[in-house]
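Here are the chains, one letter per residue:
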Amino acid sequence: MSLSRLSVAVIGLGTAGQAAAILLARDGHRVEVFEQAAAPGPVGAGVLLQPVGLQVLWKMGLLDEVLRHGRRIDRLYGDTPKGKGVLDIRYARLDPRLYGLGLQRGALFSILASVIDPATVLHADSRVVDADSDNGRVRDVHGKSHGPFDLIVVADGSASSLR
Ligand SMILES: Cc1cc2nc3c(=O)[nH]c(=O)nc-3n(C[C@H](O)[C@H](O)[C@H](O)COP(=O)(O)OP(=O)(O)OC[C@H]3O[C@@H](n4cnc5c(N)ncnc54)[C@H](O)[C@@H]3O)c2cc1C
């Protein structure tokens, strides 16, 4: 197996799958993405990006674009209906350079989608029901087998049925 150009399957086109597909293609690998949704898009309304996520976006060259679409968060404060404080986090207490970013999920999805390599193959409406790491093949819900792949990235979310 040559490490110079791998054939990679990415399962799931959430934030993790998008970022993995972009970075793997930038490294010269051939990428195919499998997403169960027929029309892939953002799920949910807002997201609070933490410093580690912002650092990844900086490395991808997307930080300025993301900052333009979000609102900087320096402090998270929560209290009960009676006014008793239950949460008080200030990023600067950890490091003065750190902050979070409140962002619409649609904005994050669109920014990442705009830089996906056009050569990346997207299989929409393709829920993966089996990923075989021994022979590098994935099988979708329609019974079609894909591969072989050198690497399978399972990015199907926290409720993963594959990991
Ligand atoms: C209400 C709520 C609020 C949240 N708020 C925040 C927040 O503010 N900040 C934060 O960092 N995180 C938040 N999270 C967690 C957040 O959802 C995750 O951090 C983020 O979405 C994870 O991205 P992901 O790409 O790993 O997974 P997901 O966003 O779950 O993406 C997984 C993708 O894989 C696809 N998929 C799943 N199974 C298969 C399959 N078998 N075959 C093919 N495709 C498949 C799904 O359709 C989906 O597109 C929140 C979660 C919830 C529920």
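Residues numbered from 1 in each chain as written. Predicted model: local features only at pLDDT ≥ 70, side-chain atom pairs only at ≥ 80, totals over all residues. Heavy atoms only, no water.

Draft legend 1. Focus on the environment of Gly17. For Gly17, the location among the structural elements is in helix α1 (residues 15-26). Along the chain, Gly17 and Gly157 lie 140 residues apart, while their C-alpha atoms are 9.1 Å from each other. Those residues in contact with Gly17 that lie beyond four places of it in its chain are Val10, Gly12 and Ala155. (Helix = DSSP H or I, 4+ residues; strand = E, 2+ residues; numbered from the N terminus. Contact = heavy atoms within 4.5 Å.)

Draft legend 2. Molecular detail of the sheet that holds strand β10 (residues 137-140). With antiparallel pairing, three strands are arranged side by side in an open sheet as β9-β10-β11. The open sheet has two free edges, formed respectively by β9 (128-132) and β11 (145-146), since each of these has just one partner strand. Where β9 meets β10, four bridges bridge the pair, whose relative direction is antiparallel. Bridged to Asp130 within β10 is Arg139. (Pairing = 2+ DSSP bridges.)

Draft legend 3. Just the pattern of salt bridges, in detail. Tallied over the full model, the rule gives seven salt bridges. A salt bridge links Asp88 to Arg75, with the nearest nitrogen and oxygen atoms 2.9 Å apart. Taken together, the residues span a long stretch of sequence, with Asp88 in strand β6 (residues 85-90) and Arg75 in strand β5 (residues 75-79) at a distance of 13 residues. Classification of Asp88 as partly exposed rests on a relative accessible area of 32%. Linked by salt bridges that have partners in common, Arg75, Asp88 and Arg90 make up one network. (Salt bridge = Lys/Arg side-chain N within 4 Å of Asp/Glu carboxyl O. Buried < 20%, exposed > 50% of the residue type's maximum accessible area, 1.4 Å probe, protein only.)

Draft legend 4. Spotlight on the site of the ligand. Within the structure, the ligand sits among 19 residues, and Ala16, Glu35, Gln36, Leu48 and Val128 are positioned closest to it. A distance of 2.7 Å is found between an oxygen atom of the ligand and a side-chain nitrogen or oxygen belonging to Glu35. When the ligand is considered free in solution it has 980 Å² of accessible area, and contact with the protein chains removes 56% of it. Counting residues per element, the ones that place at least two in the shell around the ligand are α1 and β3 (46-49). Looking at the shell around the ligand residue by residue, the classes come out as nine nonpolar, six polar and four charged. (Near = heavy atom within 4 Å. Polar contact = N/O pair within 3.5 Å; in protein donor to acceptor, adjacent residues only side chain to side chain. Areas by Shrake-Rupley, 256 points an atom, 1.4 Å probe, with all protein chains shown as cover. Nonpolar A, V, L, I, M, F, W, Y, C, P; charged D, E, K, R; others polar.)

Draft legend 5. Molecular detail of the nonpolar core. Among the nonpolar cores identified, the biggest contains 16 residues, and Leu49, Leu54, Leu57, Met60, Val66, Leu103 and Leu112 are the most heavily contacted of them. Secondary-structure elements contributing two or more residues to this core are α1, α2 (51-59), α3 (63-69), β7 (100-104) and α5 (105-113). At four residues, the largest contribution of residues to this core is made by α5. Counting 11 residues, the second-largest nonpolar core is a separate cluster that includes Leu6, Ala21, Ala25 and Val33. (Core = buried A, V, L, I, M, F, W, Y, C linked by side-chain atoms within 4.5 Å.)

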